[in-house]
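# Survey of secondary and tertiary structure
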Amino acid sequence: MIQIQNPVMWKQTMEQNTAAGLKTGFVPTMGALHKGHLSLMERAQAEQDLLAVSIFVNPTQFNDPTDLRDYPNRIEEDIAKLTDIKADYLFLPGYDDLYPDSCRYSVVEKDFSGQLCGRNRPGHFSGVLTVVLKLLLLTEAKAAYFGEKDWQQYKLIKGMAEAFFLDTEIIACPVVREDSGLACSSRNELLSSSERNQAARLYEVLSKYARNPCAGAAESAAQELAAQGFAVEYLQQVEDRLLAAVQIGSVRLIDNVRVTAISS
Ligand code: PAF
């Protein structure tokens, strides 16, 4: 696996591959790689000639400095995992590499980014869209792969790619879950074992109400979670998804379930 820190060198390398007729599948990450990330990479490897991954814990998408400080950093393990799955390229930029403008320029979406996760996390999606635009422009991949656990993020990135006529296809991949049903997330590492057991109830409750979509299902699901000790930030149906953000102790978790996809 070739590791590159410098954005200019990364761009040149990616361009050379494209000029040689090779299609790149790109998976941007913030590291602490888990089964969910690996499933995106597997799909990219199945569909494209080369797998390019980036690891960059993007400070501009954290509105809470404690959340940024506590975000897991597992760089050596991540590199071992990527080597193991035979990733071709790893982009490991530093803050100054990606933000030579010291964040003077940013991408702002004026509607959906203020809802759901955006309601209580001012600037979060602007930080995500800005860094993803930079990464997509530097990589010019055939396709970039994002997990549906972050469904709002996926929708916003797809919308941005269309709005800015980007050539990269934005592909959504299904949520990967632990045996308990808990959606794989780098933040799961921050849960104690009892919190982890409780966290699995989130998927159970969402699935139950997604199986019986009716007026008031979201409110009932929120009440049921609150009764089980979750601090519910939101629980809402958007399009065909029942989406939730909850807090367990100091850990914030999100999940979503397709309303029509669950058979009773
Ligand atoms: O989903 C993530 O890990 C991040 O939001 C992303 C897309 C890598 C941007 O920093």
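Values in this document were obtained by computation on a predicted structure and should not be read as measured data.

As a further point, take helix α1 (residues 7-19). Over its 13 residues, α1 runs 18 Å from end to end, which matches the ideal 18 Å to within 8%, given 1.5 Å per residue. Buried residues of α1: P7, W10, T13, M14 and N17, and no others. Across the axial projection of α1, the buried residues extend over an arc of 130°, all falling on one side. Exposed residues on α1 whose side chains face more than 90 degrees from its buried face are V8, Q16 and A19. A distance of 2.8 Å separates the backbone nitrogen of V8 from a side-chain oxygen at the start of α1, and that oxygen is part of N6. Following α1 by one or two positions, G21 adopts a phi angle in the positive range, close to 85°.

Every residue lining the ligand is accounted for by P28, T29, M30, N58, Q61, V131, V132 and Q153. Taking Q61, its side chain carries an N or O atom lying 2.6 Å from an oxygen atom of the ligand. In the model, an oxygen atom of the ligand is placed 2.7 Å from a nitrogen or oxygen of the Q153 side chain. When the ligand is considered free in solution it has 290 Å² of accessible area, and contact with the protein chains removes 89% of it. For the shell around the ligand, the class distribution of residues is four nonpolar, four polar and no charged.

Cut-offs applied
Residues numbered from 1 in each chain as written. Predicted model: local features only at pLDDT ≥ 70, side-chain atom pairs only at ≥ 80, totals over all residues. Heavy atoms only, no water. Helix = DSSP H or I, 4+ residues; strand = E, 2+ residues; numbered from the N terminus. Expected span 1.5 Å × (residues − 1). Buried < 20%, exposed > 50% of the residue type's maximum accessible area, 1.4 Å probe, protein only. Arc of directions from axis to C-beta. Polar contact = N/O pair within 3.5 Å; in protein donor to acceptor, adjacent residues only side chain to side chain. Near = heavy atom within 4 Å. Areas by Shrake-Rupley, 256 points an atom, 1.4 Å probe, with all protein chains shown as cover. Nonpolar A, V, L, I, M, F, W, Y, C, P; charged D, E, K, R; others polar.

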